[in-house]
Structure formats: C-alpha cells, structure tokens
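These are the residues of each chain, in order.
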Amino acid sequence: MRIATWNINSVRLRIGLVERLIDEHKPDVICLQETKTIDDTFPRAAFVAKGYKHQHILGMKSYNGVAILSRLPLAKTGARNWQQREDCRHIFAELPNGIEVHCCYVPAGGDIPDPKANAKFAHKLGFLDEMAVWWKSRRDKTKAKILVGDLNVAPLENDVWSHKQMLGVVSHTPIEVKKLEAWRAAHKWVDAVRHFTPPEQKLYSWWSYRAADWNASDRGRRLDHIWVTPGLVSSLKCAEIMRLARGWKPKPSDHVPVLVDLG
C-alpha cells in the first residue's frame, strides 16, 4: 500500500498537480491538507475518474480543510475538533486491512513565537498539547494506525536549512519541538520518513514562496510527516519526499508530497 500526504494549498486551484501525482506515483490513499473549499465544491468527480471513489472530506471556505481519498473502501469515518474550534483540521477513516488513517493539519502559528503576544501561536501550542493528551488516552498495542499531514513543526536540527538561525522562527522553536515530541511519544509513533533517512541528512518538504529561486536558496523545512504505530514498522518498505514537485507547473504548492510504502 502506498500512502501520500500533501498540503495542496487549494485543491481546486491545483487539481492538475494532484492528477499528476496520481499518474506518476499511483498512491492507494491520498491525504490532503489546506483544501480550502467547502464540501459542495470539492472536486469529487475528478478523483472518482482517477479511481478514488472512496472519499472522506471536511472543508470550509478559503481556509484549512482536509481530505482522505482512497482506491480502497473507507469505513468508520469521523472527524475531531481541537481547541474548541470547528476549523476542519482532523479527519480519520479505517481501511479494509484494519489500519486507521488520520489526516491532520496543525495550525501554522503566525510569525511571533510568543503565546502572550500572538494568539495564533498560543492556539498552536494548545493544539499540540491537546493532541498529546488525546493520543495518550488512545494508546493500545493492537490497533494499527497511520497519522499523516502538515504538522507545521520541523522537529530535528536537519529538518531546517539552519538550526541556529531557525531557533527563533515559528515551526522550529524549542517549545514547538518539545510539544510535538510529547505528542509523538504519547502514542509511541514512529517517524516513517526518518526511519529510512538518518537524522544527519538534511530533509525538507516545504520551501517559501518568498524565495526568488527556492531551489537555489534551498531554505527548506520538513513540516509534512507520516507517522506509524510500532506494529507497522516491519511493514515499512520505503519513503520519499517529492522535492521536484515544488517546481511543478503551473502554480506549485509551497509543500511537496510525502510518500510511504507499506508491504
């Protein structure tokens, strides 16, 4: 099984790019974040035409939004709200093999890494805390789960272009890294991408639109993740961050797809 996650930054604007992903890489399950459309205008038919007739979506106008698109039947679908907001950031579904897939979009947190001065950052920290508490309550040894999405935190030193210069920048601050690690540890999640790529190697999934030449400057961050429960580690076959998709035309997303294969 191949699972893909991608912050698409408007699924209607970039449906052609998702179709290219499908044509070239043929994932069995695609999880999207920042779909930025209400459910009634989600391009369901385009995905059905590509073989993804099983769909679980949750969207809102212009912001956020998550989707699970699958060639395989989906059961026990659901959604959760966090921080007392109905802002379309977390959905889940069960695959025929019993694996539970969660698609998440963590708040970005604004620009100022101070929860007192920046309500968006306070919201992000609270979101991460709440996730850790909830996932700890759901820890069990038998249920296989995969959690994917734009978690908006680059946790390792080599998940950013410069650890030293990024320590004070939202997405790599010590408090965010600490809280993301608490969430990961709460359910004993395994980072599927870093399972194959050593922590000494630079690895990014996002490059800012502000860069005149994103590829030349290469000031990236690894914000997009795929985590699996320990029982699935032996099933992991390979992982890939599709760097070249940052240059796909027209109008690329600032994030690229992340793929993991399980056998």
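The rules behind each value
Residues numbered from 1 in each chain as written. Predicted model: local features only at pLDDT ≥ 70, side-chain atom pairs only at ≥ 80, totals over all residues. Heavy atoms only, no water. Pairing = 2+ DSSP bridges. Helix = DSSP H or I, 4+ residues; strand = E, 2+ residues; numbered from the N terminus. Axes fitted to C-alpha atoms, helices over the stretch in contact; angles between N-to-C directions. Contact = heavy atoms within 4.5 Å. Phe/Tyr/Trp six-rings, centres within 6.5 Å; stacked < 30°, edge-to-face > 60°. Buried < 20%, exposed > 50% of the residue type's maximum accessible area, 1.4 Å probe, protein only. Lys NZ or Arg CZ within 6 Å of the ring centre and 35° of its normal.

Caption draft 1: Summary view of the sheet that holds strand E14 (residues 258-262). One open sheet accounts for six strands, arranged E3-E4-E2-E1-E14-E13; its pairing is mixed. Lying at the two open borders of the sheet, with one neighbouring strand each, are strand E3 (54-58) and strand E13 (236-241). Here the average twist between neighbouring strands, direction ignored, is 10 degrees. One ladder, built from five bridges, connects E3 with strand E4 (residues 66-70); its direction is antiparallel. Counterpart to Ile57 in the pairing with E4 is Ala67. Along the sheet, helix H1 (residues 15-25) makes contact with strand E1 (2-7), strand E2 (29-33), E13 and E14, crossing E1 at roughly 160 degrees.

Caption draft 2: Up close: the packing of aromatic side chains. A complete count under the given rule lists ten aromatic pairs for this structure. Measuring from ring centre to ring centre gives 6.2 Å for Tyr204 and Trp207, while their planes differ by 80 degrees; the resulting arrangement is edge-to-face. Taken as a pair, Tyr204 and Trp207 share a single burial class, namely buried. These aromatic residues form a ring-pair network of at least three members: Trp82, Phe127, Trp134, Trp135, Trp183, Trp189 and Trp227. Here the basic side chain of Arg80 rests over the ring of Trp82, its NZ or CZ set 4.9 Å away from the ring centre. The cationic tip of Arg219 hangs over the ring face of Trp161; the distance from NZ or CZ to the ring centre is 4.1 Å.

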